[in-house]
Amino acid sequence: MIMTHPGLADWAVLTIVSAMILLPLWFLWSPFAQQHNHQNADFNGRITGLVIGNLTKYPSLLFIAKLLFLSLFLLIIVAGLVGTPIAERNVATVLTWNLWWAGLIFSIFFLGSAWCAVCPWDALAQWLVRRRLWKRGESSNSLELSVPKWLRSVWPALVMFIGLTWLELGLGITLDPYATAMVSLIMVLLATVSLSLFKRKAFCRYFCPVGRTVGFYSQLSAVAIRPIDTQRCAECLTLECFHGSDEVEPCPTGLVMGTLTQNSYCTSCGNCTQSCPDSNVAWSFRSPSIEAISSARPHWDEAWFMISLLALTAFHGLSMMSFWEDWMNNLAGLIGDSGQLLTSFSIALSATLFAIAALYCGLIAMTQRMTSQSFRELLSTFAFINLPLAFAYHMAHNLNHLVREGAGLTDVLFNPLGVDSLPLSMMEKHERHITMWFSQDILSGLQVVLMIFGLWVAVQVIRYRSVSLNITSRIHLMPVLFYALLITGFHLWMLAQPMTMRM
């Protein structure tokens, strides 16, 4: 028997539908947007700034944080390799898929790309290759090759993200502790090989699917690492933020603080805060989603990553619908698939990616005909619509997992290898089903807020990005507005359906 989570309550659905009606009406009647004022509020010295700012400012504190997450990572590896194969009893699968991956998405809004600063994959690679715990390592430990031009984009990360989705949902590694550990080790291996071959951290910049997802989502974050005084950065000739210093590594992704306008490739490593001779770099509050709305620069490869991110997020939701298994069985019957139904799954994954891309491209083509603007420019510029829509649904979906499937975490932590454990009984599954961190109404209310937030930001993206494209007619923006509403409606439909429990 498959246990399912209930979908959104009727009142929650009606609230979101009301927002889907009112926001477009407001969009049609509101004045055209003006250029955003990109003011950052320095909070270095306040409570949040003291915690996060000092974490990246002092290498010893960052080292301790890395050790903490590395300890958990090693626990996952050991438990996955030698612990029980029962997924719900093994800390490897529970910690990785129920807690880390679900909670990571929420951390981005409040902490930006801070996860990358303590990432155990990168920490192990850095210590193995550079042979330094926090000081600058010898360059001779790496071949320091330039990344080939054909790899200098986010296409490799997108391919890896699609591959990771295939492994996660197609092969079902979320229910296999051993496979979870092996994939984690492979990621460490890739990071280490990349650091051994290429300059700086090519894995973080071009290849890491988690890092690129965090990077793009962090365009919606309420915090960022930025210059305190931009004029001082403009007058700087030594650029320690880029080159590093005698003690501090250079920026791992090749960023210059004085020209930094978006979080996409910042790993929050703290190198710039440590190396700046004027102490002119700090964490700042800023208007949430400001980058996606107006300040981030559109690029072709990044646009396709954002479109695919939306499609893959939607596919995650579809694969957890109560009717998904019937869909796969029916498709397998049509094409003669058998076994794990990997061919059927691959077709469904490809179809979802194609459907979202085709829908978006078709509506962009309609906008092009009305405006006579470049299709490539329109596609890249309005691709930022996909970010808030994907982010809002991703959080709303993950909230269900966190609230409902975290009940057994304590038991797993006390017995991380699952020694002498048995699979969950139907009684235990039912108990987890009804045991929540907070009530169903609060859960639904939070999901409503998230979905309305996503649509609101998407509408703001349309308003402000149209200014940069010199589009002055609301009629010309109807296709992209329709796209935002259609995707929101699709996400709402999925949230209203019963969702199967992961474990």
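Quick note: structure is the one above.
Before going into details, it helps to say that this report is about the structure given with it. Every chain begins its residue count from 1, and numbering advances along the sequence as written. Residue-level local features of this predicted model are given only where pLDDT is at least 70; pairs of side-chain atoms are given and counted only at 80 or more, and the full residue set underlies all totals for whole chains, interfaces and linings. Side-chain descriptors were evaluated using all non-hydrogen atoms of the structure, hydrogens and water having been removed beforehand.

**As for the overall build of the chain**
Operational definition: Here a strand is any run of E in DSSP of at least two residues, a helix any run of H or I of at least four, and the numbering for each starts at the N terminus. Note on method: radius of gyration uses C-alpha positions; expected globular size equals 2.2 Å times residues raised to 0.38. Per-residue accessibility, obtained with a 1.4 Å probe over protein chains only, is compared with the maximum for each type, and a residue is labelled buried under 20%, exposed over 50%, and partly exposed between these values. Note on definitions: a residue-residue contact is assigned when non-hydrogen atoms from the two residues lie within 4.5 Å. In this tally, Asp and Glu contribute negative charge and Lys and Arg positive charge; neither His nor the terminal groups of the chain are included. Lys charges are placed at NZ, Arg charges at CZ, Asp charges at CG and Glu charges at CD.
Of the regular secondary structure elements, the chain holds 23 helices and five strands. The globule rule puts the C-alpha radius of gyration for 503 residues at 23 Å, and the 23 Å found for the chain is close to it. If you line up the chain on its principal axes, its C-alpha atoms span 65 × 65 × 45 Å. Within the span of the chain, comprising 503 residues, buried residues form 56% of the whole. Put simply, 85% of the contacts in the chain that link residues at least 6 apart link residues at least 24 apart. Averaging the coordinates of the 29 positive side-chain charges in the chain and doing the same for the 28 negative ones gives two points 9 Å apart.

**Structural notes on the environment of glutamine 274**
Along the chain, glutamine 274 falls in helix 13 (residues 271-275). Between the alpha carbons of glutamine 274 and glutamate 247 there is a distance of 9.1 Å; along the sequence they are 27 residues apart.

**Details of the pairing of strand 4 (residues 281-285)**
How we decide: Note on pairing: two strands pair once DSSP finds at least 2 bridges between them.
The element strand 4 is extensively covered by neighbouring structure, given that four of its five residues are classed as buried. As defined by bridge partners, strand 3 (residues 223-227) adjoins strand 4 across five bridges and the pair is classed as antiparallel. Note on strand 4: the bridge partner recorded for isoleucine 225 is tryptophan 283.

**Structural notes on the nonpolar core**
Most often, soluble globular proteins keep nonpolar side chains buried together rather than apart. Definition in use: What makes a nonpolar core is a set of buried Ala, Val, Leu, Ile, Met, Phe, Trp, Tyr and Cys residues whose side-chain atoms join them at distances within 4.5 Å.
Trp121, Phe382, Ile385 and Leu387 are the most contacted members of the largest nonpolar core, which totals 142 residues. The element contributing the most residues to this core is helix 15 (residues 300-318), with 12 residues. Residues contacting tryptophan 121, with those up to four places away along its chain left out, are Phe73, Ser184, Met187, Val188, Ala191, Phe203, Cys208 and Val210. Counting residues in each nonpolar core, the second largest holds eight residues, with Ile76, Val91, Ala92 and Val412 among its members.

**Quick notes on the environment of proline 227**
Looking at the element boundaries, proline 227 is found in strand 3. Each residue touching proline 227, except ones within four places of it in the same chain, is listed here: Cys233, Met257, Gly258 and Asn280.

**Thoughts on the packing of aromatic side chains**
The cut-off we apply is this: Classification of ring pairs rests on two measures: the distance between centres of Phe, Tyr or Trp rings, Trp counted by its six-membered ring, which must be within 6.5 Å, and the angle between planes, read as stacked under 30 degrees, edge-to-face over 60 and tilted in between. Counting as a charge over the ring demands two things of the Lys NZ or Arg CZ atom: a distance within 6 Å of the ring centre and an angle within 35 degrees of the ring normal.
Taken as a whole and judged by the stated rule, the model has 21 aromatic pairs. Residues tryptophan 300 and tryptophan 304 carry aromatic rings whose centres are separated by 6.0 Å and whose planes lie at 80° to one another, so their mutual orientation is edge-to-face. Of the two residues, tryptophan 300 and tryptophan 304 both sit in helix 15, four residues apart, roughly one turn of that helix. Of the residues examined, tryptophan 300 reaches a relative accessible area of 26% and is grouped as partly exposed. A relative accessible area of 17% places tryptophan 304 in the buried class. Members of the aromatic cluster, joined through ring pairs, are Phe315, Phe323, Trp324, Trp327, Phe345, Phe490 and Trp493. The ring of tyrosine 265 has arginine 205 sitting right over it, with the charged end atom 3.6 Å from the ring centre. Over the ring of phenylalanine 27 we find arginine 474, and its NZ or CZ is 4.9 Å from the ring centre.

**Some words on the pattern of salt bridges**
Keep this limit in mind: When a carboxyl oxygen of Asp or Glu lies within 4 Å of a side-chain nitrogen of Lys or Arg, that pair is called a salt bridge.
Under the counting rule described, the total for this entry stands at four salt bridges. For arginine 226, the salt bridge goes to glutamate 291, with nearest N and O atoms at 2.9 Å. Of the two residues, arginine 226 is situated in strand 3 and glutamate 291 in helix 14 (residues 290-295); the sequence distance between them amounts to 65 residues. When its relative accessible area of 5% is taken as the criterion, arginine 226 is described as buried. When its relative accessible area of 0% is taken as the criterion, glutamate 291 is described as buried. Measuring nitrogen to oxygen at the nearest pair gives 2.9 Å for the salt bridge that ties arginine 286 to glutamate 291. Like glutamate 291, arginine 286 is buried.

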